[in-house]
Amino acid sequence: MITAIVFVQADVARIPEVAERIAALDGVSEVYSVTGQIDLIALIRVRHHDQVADVVADQLNKVDGVRDTETHIAYRAYSTHDLEAAFSLGLE
């Protein structure tokens, strides 16, 4: 599994709309609204590196209201925390 973290700058007045559209894209597992220099963080989880380009370059960057993105590829995970298991138990 390939994980990419995408920092998104969006039109400020459209952040909720942009976040919802990004979250609906295939390959996007989560979208967070954050404070700081960026507006949103999107987590992309796909099986192959080529799919990162499909999601980010071909879809996410074309969402109306996205002004800029910066993509980081994760190459090692240090957490043993299982998000899927936590959500299946109803924990948040």
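Figured I'd write up the structure that's included with this text. (Residues numbered from 1 in each chain as written. Predicted model: local features only at pLDDT ≥ 70, side-chain atom pairs only at ≥ 80, totals over all residues. Heavy atoms only, no water.)

**So, the sheet that holds strand E3 (residues 40–46)**
Pairing in this open sheet of 4 strands is antiparallel, and the strands run E2-E3-E1-E4 from one edge to the other. A strand with exactly one partner marks an edge of an open sheet, and here the two such strands are strand E2 (28–33) and strand E4 (66–74). Neighbour-to-neighbour, the strand axes of this sheet turn through a mean angle of 20°, independent of strand direction. Docked against the sheet, helix H1 (residues 15–23) engages strand E1 (2–10), E2, E3 and E4, running at close to 165° with respect to E2. (Pairing = 2+ DSSP bridges. Helix = DSSP H or I, 4+ residues; strand = E, 2+ residues; numbered from the N terminus. Axes fitted to C-alpha atoms, helices over the stretch in contact; angles between N-to-C directions. Contact = heavy atoms within 4.5 Å.)

**Side note on the side chain of Asp39**
Tracing the chain through its elements places Asp39 in the loop between E2 and E3. Of the side chains with opposite charge, Arg67 comes closest to the buried, unpaired Asp39, at an N-O distance of 4.8 Å. A polar side-chain atom of Asp39 sits 2.8 Å from the main-chain amide nitrogen of Ala10. (Buried < 20%, exposed > 50% of the residue type's maximum accessible area, 1.4 Å probe, protein only. Lys, Arg positive; Asp, Glu negative; His and termini not counted. Salt bridge = Lys/Arg side-chain N within 4 Å of Asp/Glu carboxyl O. Polar contact = N/O pair within 3.5 Å; in protein donor to acceptor, adjacent residues only side chain to side chain.)

**Looking at the pattern of salt bridges**
Scanning the entire structure with this criterion turns up 5 salt bridges. Where Glu17 meets Arg14, a salt bridge forms, and the shortest distance between an N and an O atom there is 2.9 Å. By relative accessible area, which is 31% here, Glu17 ends up partly exposed. For Asp64, the salt bridge identified is with Arg14, shortest N-O distance 3.2 Å. In this pair, Asp64 is assigned in the loop between helix H2 (49–56) and E4 and Arg14 in the loop between E1 and H1, connecting sequence segments 50 residues apart. On the basis of relative accessible area, Asp64 is assigned to the partly exposed category, the value being 48%.

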